[in-house]
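Observations on the three-dimensional arrangement
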Amino acid sequence: GGGNNICSDKTGTLTMNKMTVVNFYAEEQHFDNVHSTPKNVKVSEVTSTHLKNNSAVNSTAFIERDGTGWKQIGSKTECALLQMTHDLDADYIKIRRNSPSIGAIPFSSARKRMTTVIEDPNNSDNVLIYTKGAAEMVLSKCNTKIASDGSEDRLSDSDKSKIIDDVINSFAHRALRAICLAYKEMPKSTFEKLDLSSEADKETAEEGLTFVGIVGIQDPLRPEIVESVRQCGKAGIRVRMVTGDNIETAMAISKNAGILAHDWSRETSPDKYACLEGKKFRELTGGLVPKDKEGKHMTIKNMEIFKQIAEQLRVLARSTPEDKYILVTGMRELGNVVAVTGDGTNDAPALKKSDVGFAMGIAGTEVAKEAADIILLDDNFSSIVTAVKWGRNIYDCIRKFLQFQLTVNIVALFMALIGSLILDESPLTPVQMLWVNLIMDTFASL
């Protein structure tokens, strides 16, 4: 109830966490409405094969039919790709069975990508390395692309810039999450020398990739979010969105949610810190440094800059759990009462550090739930607003109770004291005093 800042995740909290692939870019072609017209996706057999393989094997999610549609188990982003694979007439279970993983680099919020290795079904001396993740990050690892005839062409820096401008930013402005898919072939003997737990070998495995395509995934806002954000603003609570998405996507969604004004622009706004990426945020604040010799308490290194950021910040994009922890630590040090949402294991430190930690009851891990103060059973931001209402209602009732009790007790004490001094006896007999207390306590309980 006393909170004045809410640092909220995007996926599943502000949005419905029902992801669907709606756009696809490959071989210099744009395909719209992929979910409703998958037959219109006309690409070479090579692109089609690697698209389906990447979606199927480079994933830990599952989908299955139920009475009303698809039941999604695991990452909703991966489930959206599996549904696309199904729409393209491929059986992801069969692909996984025929191409078992022989190595993997799990997704991490710092790397923003994941990789799976399988044996090349067409050449037993080779392995196929499939990578998917944040579009601009995976694209930077690519140096070739698949042409419309299935051959490989060089992917120049100008080609990458064109894809970023025409595809990634275009998807972002439409509030779509852009995921890049890529692969590469590697001799099996070379791969066997790699240790995928080593950072250096991870980079070796994921460099020199071949660009397959980029999918645009839609995750619609919850219908009640705009009103909830408006109510927070009216109640003096500042809502900040902390997300791992591309900054353009984050800005588009925050405008739709009412966190940013619809006409807000980075070029014209005086608030230069309203939208930041995690990397820039860490550079500006300098991160956390020990506050005492023992190192038990941490503080922001560049607190003066952080004060300016805290005053303006609305969207923190491409963020990591470390960024969320830095933000919460600084906000509390400035005297704010901070509420934070989190669902992952890495969110636990920020949830513990905050004044009120909200864990997701559906998508949240057990570690996040243990670290949180409140568990949202529906993963909905509006439930946080409801919690604030109840908290403020309790505060209001406590104030009313204290005001009533103090007023009646002080009056009764004043009368008894003055009466004893002037009249030599209290104007209220013990029985009358008990009657006053009875009425006082009755009204106070109401």
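For the structure itself, consult the block above.
Anyway, here's the lowdown on the structure attached to this text. Please read these numbers as outputs of a predicted model, since none were measured by experiment. (Residues numbered from 1 in each chain as written. Predicted model: local features only at pLDDT ≥ 70, side-chain atom pairs only at ≥ 80, totals over all residues. Heavy atoms only, no water.)

Okay, the overall build of the protein next. Along its length, the protein carries 16 helices and 20 strands. Over its C-alpha trace the protein gives a radius of gyration of 29 Å, far above what one expects of a compact globule, namely 22 Å for 446 residues. Summarising its shape, the C-alpha atoms of the protein cover approximately 110 × 55 × 45 Å along the three principal directions. Out of the 446 residues in the protein, the part that is buried amounts to 48%. Of the contacts formed within the protein by residues at least 6 apart in sequence, a portion of 64% connects residues at least 24 apart. (Helix = DSSP H or I, 4+ residues; strand = E, 2+ residues; numbered from the N terminus. Rg over C-alpha atoms; globule rule 2.2 N^0.38 Å. Buried < 20%, exposed > 50% of the residue type's maximum accessible area, 1.4 Å probe, protein only. Contact = heavy atoms within 4.5 Å.)

Before going further, it helps to spend a moment on the packing of aromatic side chains. The final tally for this structure, using the stated rule, is four aromatic pairs. Between Phe 24 and Phe 31, the aromatic rings sit 6.1 Å apart at their centres with planes inclined by 20°, giving stacked as the arrangement. By the burial criterion, Phe 24 is buried, and Phe 31 matches it. A centroid spacing of 6.3 Å and a plane angle of 45° characterise the contact between Tyr 25 and Phe 211, whose relative ring orientation is tilted. Residue Tyr 25 is found in strand S2 (residues 20-26), and its partner Phe 211 is found in strand S12 (residues 209-218); the two are separated by 186 residues along the sequence. Overall, Tyr 25 belongs to the buried group, its relative accessible area being 9%. Judged by its relative accessible area of 3%, Phe 211 is buried. The side chain of Arg 96 reaches across the aromatic face of Phe 62, ending 5.0 Å from its centre. (Phe/Tyr/Trp six-rings, centres within 6.5 Å; stacked < 30°, edge-to-face > 60°. Lys NZ or Arg CZ within 6 Å of the ring centre and 35° of its normal.)

Val 21, Phe 24, Val 34, Leu 51, Met 84, Val 215 and Ile 217 are the most contacted members of the largest nonpolar core, which totals 31 residues. Put simply, the parts of the chain that give this core at least two residues each are S2, helix H1 (45-57), helix H2 (76-87), helix H3 (92-98), strand S8 (126-134), strand S11 (176-187) and S12. With five residues, the top contributor of residues to this core is H2. Once residues within four sequence positions are removed from consideration, Val 215 is found in contact with Val 21, Asn 23, Phe 24, Leu 81, Met 84, Phe 171, Arg 177, Ala 178, Ile 179 and Leu 181. Membership of the second largest hydrophobic core comes to 30 residues, among which are Leu 14, Val 239, Ile 259 and Val 385. (Core = buried A, V, L, I, M, F, W, Y, C linked by side-chain atoms within 4.5 Å.)

Turning next to the packing of helix H10 (residues 278-285) against helix H12 (residues 321-333). H12 packs onto H10 with a crossing angle of 45° between their chain directions and a minimal axis gap of 10 Å. By the angle class used here, H10 and H12 are oblique. Considering the relative orientation of H10 and H12, their crossing is left-handed. In contact with Gly 278, Phe 281, Arg 282 and Thr 285 of H10, H12 contributes Glu 322, Asp 323, Ile 326 and Leu 327. For the contact of H10 with H12, the residue count by class is three nonpolar, two polar and three charged. (Axes fitted to C-alpha atoms, helices over the stretch in contact; angles between N-to-C directions. Parallel < 35°, antiparallel > 145°, perpendicular 65-115°, else oblique. Left-handed = near helix turned anticlockwise from the far one by under 90°. Nonpolar A, V, L, I, M, F, W, Y, C, P; charged D, E, K, R; others polar.)

We now examine a negative patch on the surface. Residues Asp 149, Glu 152, Asp 153 and Glu 185 make up a contiguous surface patch of negative charge. Within the secondary structure, Asp 149 is located in the loop between strand S9 (142-146) and strand S10 (152-154). Judged by relative accessible area, Asp 149 falls into the exposed class, the value being 61%. (Patch = residues over 30% accessible without salt bridge, like charges linked within 9 Å, V, L, I, M, F, W, Y side chains within 5 Å. Areas by Shrake-Rupley, 256 points an atom, 1.4 Å probe, with all protein chains shown as cover. Salt bridge = Lys/Arg side-chain N within 4 Å of Asp/Glu carboxyl O. Lys, Arg positive; Asp, Glu negative; His and termini not counted. Charge placed at Lys NZ, Arg CZ, Asp CG, Glu CD.)

This paragraph deals with unusual backbone geometry. Positioned with a positive phi, Glu 28 is a non-glycine residue whose angle comes to about 60°. With relative accessibility at 59%, the residue Glu 28 sits in the exposed group. Unlike most non-glycine residues, Ala 175 shows phi in positive territory, near 65°. Of note, Ala 175 is situated in the loop between helix H5 (157-173) and S11.

Time to look at a nonpolar patch on the surface. Together, Val 411, Phe 414, Met 415, Leu 417, Ile 418, Leu 421, Ile 422 and Leu 423 line one region of the surface with nonpolar side chains, adding up to about 800 Å² of accessible area. Tracing the sequence through the fold places Phe 414 in helix H15 (residues 381-422).

Along an α-helix, residues three or four positions apart point the same way, because every turn accommodates 3.6 residues. With 13 residues, H1 should cover 18 Å at 1.5 Å per step; its first-to-last C-alpha distance of 18 Å lies within 8% of that length. Among the 13 residues that make up H1, 10 are buried, leaving the element largely enclosed by the rest of the structure. Within H1 the residues assigned to the buried category are Thr 47, Ser 48, His 50, Leu 51, Lys 52, Asn 53, Asn 54, Ser 55, Ala 56 and Val 57. (Expected span 1.5 Å × (residues − 1).)

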